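Tertiary structure, described
Below, each chain spelled out in residue letters.
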Amino acid sequence: MTNVVVVGSQWGDEGKGKIVDWLSERADVVVRFQGGHNAGHTLVIDGVSYKLSLLPSGVVRPGKLSVIGNGVVFDPHAFIAEVERLAGQGVSVSPDNLKIAENTALILSLHRELDGFREDAASASGTKIGTTRRGIGPAYEDKVGRRAIRAMDLANMESLSGKVERLLTHHNAVRRGLGHPEVPHEAVMNELSSVAEKILPYVDRVWKILDEARRAGKRILFEGAQGTMLDIDHGTYPFVTSSNTVAGQAATGSGLGPGAVGYVLGITKAYTTRVGEGPFPTEQTGEVGNFLGTRGHEFGTVTGRKRRCGWFDAVLVRQAVVANGMNGIALTKLDVLDGLDEIKVCTAYRLDGEIIDYLPASQGAQARLEPVYETLEGWQETTQGARTWNDLPAQAVKYVRHIEELIGAPVAILSTSPEREDAILVTDPFQD
């Protein structure tokens, strides 16, 4: 038995919700370790859809402990709204089944405002990043700048006043520079006072709780958000999120050491999508892109934005396998490719006339990449709902096997529809 880390191997939106839900049913503890409410999972349980942004997937299942780790940036308002929304669906979230790390940095209204101010200014100059405007980046900046307000600070309003003053020294200077009014000290104190009573009951020493669970032999599922190519270090910088999205962050963002990380499962879509700005070597803007977007229902869970679509990029995923130390992948949305006469797979790039087998770190080089494709025969039969290899068309099996060869990692789980039971289990990550 081992603990499992789930991460996306592309630009997010790989279909983590279904896989995480299946794994969370078998886990004892589910941990969010990075990101914030800019990420989204859609879980479908007994025909009911649950849309989660900040909360770990374990909250929708009775008897599971869910944890928001210190690597997350935490918006109290988004949290309260999400808890209330789930309550309307009959899901109870309480301090009995959810813990928030005491050293988790908070997202405040001023962070969301600054995110929007900057994106508007960047949009006017043609340099926008494409953020969700939810304050994620500014909150991480304050954390690294050692001026963040953390969950534990809500317990002492007297000492909190000085911390708010330090925070506003920075933010008001930035706001003046952008031509926006300053934030009054009292406004921030009132905001924090208004949420403290609802947040503090959940705040705890998460690292200790997780250590005790691990020693007791509990199964821990570390639930990542976004995808590897949105990692602040390893992604398509600067068109990335503001946290480390790779598997190594599961240790840092939860308070457990690297030894707690067992099987690393990379969620991988059978084609490629991306939301927002940034390079996308295999993007298809014509008939193929429309086909994939329509068949795959490619709209963001959080933003509702239409996703850009393209062919499978084996170069990206192969690099993600290395960066995360992936033991295997969960290949999702294979059924979207049903009916195509031919399917292309990117196996290398052409950069300034040279063939390369990696994603360069340079923004300029990434913008000049040209995909080198292999063309594979498609299939007309359906793969939707397949639960054994024998249920798959021969060409679909060849496609999956070829992807395994190209990325250097085996398929542990093959998903063939949004329904949680429609999957082929090759390797049980918890038993690897």
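Overview of the structure. (Residues numbered from 1 in each chain as written. Predicted model: local features only at pLDDT ≥ 70, side-chain atom pairs only at ≥ 80, totals over all residues. Heavy atoms only, no water.)

Digging into the overall build of the chain
From N to C terminus, the chain includes twelve helices and 20 strands. Computed over C-alpha atoms, the radius of gyration of the chain comes to 22 Å, within 12% of the 22 Å expected from 2.2 N^0.38 for 432 residues, which places it in the range of a compact globule. Its C-alpha atoms give the chain principal-axis dimensions of about 70 × 50 × 40 Å. Relative to its full complement of 432 residues, the chain shows a buried share of 57%. Nonlocal contacts in the chain, meaning residues at least 24 apart in sequence, comprise 76% of its contacts between residues at least 6 apart. Here the chain has roughly 17300 Å² of accessible surface; of this, 48% comes from carbon and sulfur atoms. (Helix = DSSP H or I, 4+ residues; strand = E, 2+ residues; numbered from the N terminus. Rg over C-alpha atoms; globule rule 2.2 N^0.38 Å. Buried < 20%, exposed > 50% of the residue type's maximum accessible area, 1.4 Å probe, protein only. Contact = heavy atoms within 4.5 Å. Areas by Shrake-Rupley, 256 points an atom, 1.4 Å probe, with all protein chains shown as cover.)

Here we look at the state of the cysteines
By the definition in use, this model includes zero disulfides. Cys309 takes part in no disulfide bond, and the closest cysteine sulfur to it belongs to Cys346, at a distance of 16 Å. Taking the relative accessible area as the measure of exposure, Cys346 reaches 0% and is therefore buried. (Disulfide = S-S within 2.5 Å.)

Some words on the layout of surface pockets
Approximately 190 Å³ is the volume attributed to the second largest pocket. Together, Gly71, Gly137, Tyr140, Glu141, Lys143, Val144, Ile232, Ser242, Ser243, Asn244 and Gln249 line the second largest pocket. Per element, the largest residue contribution to the lining of the second largest pocket is five residues, and it comes from helix α4 (residues 136–144). Looking at the lining of the second largest pocket residue by residue, the class counts come to three nonpolar, six polar and two charged. (1 Å grid on protein atoms, 1.4 Å probe; cavity = no way out; pocket = protein on both sides within 12 Å on 5 of 7 lines; lining within 4 Å. Points joined across faces, edges and corners; volume = space filled by probe spheres on them. Nonpolar A, V, L, I, M, F, W, Y, C, P; charged D, E, K, R; others polar.)

Some points on the environment of Ala225
Along the polypeptide, Ala225 turns up in the loop between β10 (220–223) and α8 (249–252). For the pair Ala225 and Ala27, spaced 198 residues apart in sequence, the C-alpha to C-alpha distance is 18 Å. Excluding its chain neighbours within four sequence positions, the residues that come into contact with Ala225 are Lys16, Arg32, Gln34, Ala39 and Thr245.

Some words on the sheet that holds strand β1 (residues 4–8)
Pairing within the open sheet is mixed, and its ten strands lie in the order β9-β7-β5-β2-β10-β1-β11-β15-β19-β20. Looking along the sheet, the strands with just one partner apiece sit at the ends: β9 (203–204) and β20 (423–425). Where strand β5 (residues 65–68) meets strand β7 (residues 98–101), three bridges bridge the pair, whose relative direction is parallel. Each residue of the ladder has a partner; that of Ser66, found in β7, is Leu98. (Pairing = 2+ DSSP bridges.)

Re the side chain of Lys269
In this fold, Lys269 is placed in strand β11 (residues 263–269). Sequence-distant contacts of Lys269, that is, excluding residues within four places in its chain, are made with Gln10, Asp13, Glu14, Glu298, Arg307, Phe312, Leu331, Thr332 and Lys333.

Things to note about the pairing of strand β19 (residues 411–415)
For β19, the tally of buried residues reaches five of five residues, placing the bulk of the element in the interior. Looking at chain direction, strand β15 (residues 328–332) and β19 are connected through three bridges and run parallel. Residue pairing in the sheet places Ala330 in a bridge with Ile413 of β19. Relative to β20, β19 runs antiparallel, the two being bridged by three bridges. Bridge assignment links Ser415 to a residue of β20, and that residue is Ala423.

Observations concerning α4
For α4, the complete set of buried residues consists of Ile136, Gly137, Pro138, Ala139, Tyr140 and Asp142. At the C-terminal side of α4, Arg146 shows a positive phi close to 65°.

Quick notes on the packing of aromatic side chains
Applying the stated criterion across every chain yields a total of four aromatic pairs. Their ring planes at 85° and their centres at 5.1 Å tell us that Phe79 and Tyr202 sit as a pair that is edge-to-face. Residue Phe79 is found in helix α2 (residues 76–87), and its partner Tyr202 is found in the loop between α6 (185–199) and β9; the two are separated by 123 residues along the sequence. Given a relative accessible area of 8%, Tyr202 falls into the buried group. Aromatic ring contacts, followed pair by pair, group Phe74, Phe79 and Tyr202 into a single cluster. Directly above the aromatic system of Trp389 lies the positively charged group of Arg401, at a separation of 4.4 Å from the ring centroid. (Phe/Tyr/Trp six-rings, centres within 6.5 Å; stacked < 30°, edge-to-face > 60°. Lys NZ or Arg CZ within 6 Å of the ring centre and 35° of its normal.)

Overview of α2
Taking 1.5 Å of rise per residue, the twelve residues of α2 would be expected to cover 16 Å, and the 16 Å separating its terminal C-alpha atoms lies within 8% of that figure. For α2, the set of buried residues is Pro76, Ala78, Phe79, Ile80, Glu82, Val83 and Leu86. Of the surrounding elements, those touching the buried residues of α2 are β4 (48–52), β6 (73–74), β7, β8 (105–106) and α6. A distance of 2.9 Å separates the backbone nitrogen of His77 from a side-chain oxygen at the start of α2, and that oxygen is part of Asp75. (Expected span 1.5 Å × (residues − 1). Polar contact = N/O pair within 3.5 Å; in protein donor to acceptor, adjacent residues only side chain to side chain.)

These values are about where atoms sit, not about what they do.
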